[in-house]
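Fold and contact review
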Amino acid sequence: MARSGISRPSPDGKTTESLVKQGGVFDFFNLPRELRDQIYADCLQFKVKFESQHGVRLRGRRVAQGSLLQINHQFRHEYLERAEKETCLVIVDRDHFHGEALELPTPVKYARKLELHLALACDSPDHVIDRCKVVQEVRMHRKWIGDLADRMKHLNSISIKVLLDNHPFVRDCGKRLLSEQHRFTNLEALTSVEVYHCDFYQGDNGTGAWNFQRSRKLVMQWSPGKSELQRVEGVAAAKEREC
Ligand SMILES: [Zn+2]
């Protein structure tokens, strides 16, 4: 790295001058590990977009940059060690996915965090007999999430955000979702489940779209301290957006 010319003491008393080898090359690996770790963290890419697969969007958050992995063996090892703590694979399904096998993008294969945004639309007004589409969707999603979790060997965090179409029968869908909740809550690495109401616009020609621009409302929540997914009543609209 280039010499800065500034003599600044580091936490272990070394100065920038003493970290510059003869010949003007900055001795990066002579910096204390905690400083190197800060630099590794600053060098992670905030957001990486991968090619969509079967209608789902795949994103990486806090991902190691491929070019920096080429620097040398020590840099690669320490940089990846830092990345492993922070990289998150984000998968967004806006109700287009049918559970096909997903290929893990190479830059996030080591990720320990998985964040899922699952939009579920149910167009059935008849919830007396079992026609709630949410039930089918939850079962379909559970299968591929389980398969993916098995392939992500070091996974220690799964966060699921479910979006329900806020139609007049949505409370019935909510009841069905509660009856199926174990399919998500029995995931070993699960750290949170949040269920939101979000508007889905149905067009005249049968096409529709989720309205992600409007605020969504948190209606159910699960965390490791709770045994079951619980309804959240009277909570103000959440401002959070998907990645
Ligand atoms: Zn339903």
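Residues numbered from 1 in each chain as written. Predicted model: local features only at pLDDT ≥ 70, side-chain atom pairs only at ≥ 80, totals over all residues. Heavy atoms only, no water.

One non-glycine residue, H54, adopts positive backbone phi at about 50 degrees. One non-glycine residue, D95, lies in the positive phi region at around 70 degrees. On the secondary structure map, D95 appears in the loop between β5 (88–93) and β6 (113–120). Among the residues examined, D95 registers a relative accessible area of 18% and is labelled buried. (Helix = DSSP H or I, 4+ residues; strand = E, 2+ residues; numbered from the N terminus. Buried < 20%, exposed > 50% of the residue type's maximum accessible area, 1.4 Å probe, protein only.)

Bringing the coordination of the zinc ion into the picture now. Taken together, the protein ligands of the zinc ion are C122 (SG), H127 (NE2), C132 (SG) and C173 (SG), with distances of 2.1 to 2.4 Å. Coordination at the zinc ion is tetrahedral, judged from the 4 donor atoms that bind it and the angles of 103 to 119 degrees they form at the metal. In primary-sequence terms, the residues that donate to the zinc ion follow C-x4-H-x4-C-x40-C. Since its relative accessible area comes to 9%, H127 is described here as buried. (Donors = N, O, S within 2.8 Å, 3.2 Å for Na, K, Ca; no water. Tetrahedral: all angles 85-135°; square planar, octahedral: opposite > 155°, others 65-115°.)

Across soluble globular proteins, you tend to see nonpolar side chains buried next to one another. Of all hydrophobic cores here, the largest spans 58 residues; its most connected members are I91, W144, I158 and I160. Residue contributions to this core peak at 8 residues, all from helix α3 (residues 133–151). Leave out the neighbours within four places in its chain, and I160 touches L116, L118, I145, F184, L187, L190, S192, V193 and E194. Among the nonpolar cores identified, the runner-up in size contains 9 residues, and L163, F212, L218 and V232 belong to it. (Core = buried A, V, L, I, M, F, W, Y, C linked by side-chain atoms within 4.5 Å. Contact = heavy atoms within 4.5 Å.)

Once that is clear, we can look at the packing of aromatic side chains. One pass over the full model with this rule turns up 7 aromatic pairs. Between Y40 and Y79 the ring centres are 6.0 Å apart and the planes differ by 40 degrees, which places this aromatic pair in the tilted class. Note that Y40 is positioned in helix α1 (residues 33–42) and Y79 in helix α2 (residues 73–86), a separation of 39 residues in sequence. Given a relative accessible area of 0%, Y40 falls into the buried group. By relative accessible area, which is 0% here, Y79 ends up buried. Three or more aromatic residues joined by ring pairs form one cluster here, namely F28, F29, Y40, F75 and Y79. (Phe/Tyr/Trp six-rings, centres within 6.5 Å; stacked < 30°, edge-to-face > 60°.)

Taken as a whole, this structure holds 13 salt bridges when the rule is applied. A salt bridge links E84 to R112, with the shortest nitrogen-to-oxygen separation between them at 3.2 Å. Of this pair, E84 sits in helix α2 while R112 sits in the loop between β5 and β6, and the two are 28 residues apart along the sequence. With a closest N to O distance of 2.3 Å, R183 and E180 form a salt bridge. When salt bridges that share partners are traced, they join R33, R36, D37, E78 and E81 into one network. (Salt bridge = Lys/Arg side-chain N within 4 Å of Asp/Glu carboxyl O.)

On their own, these measurements won't tell you what the molecule is for.
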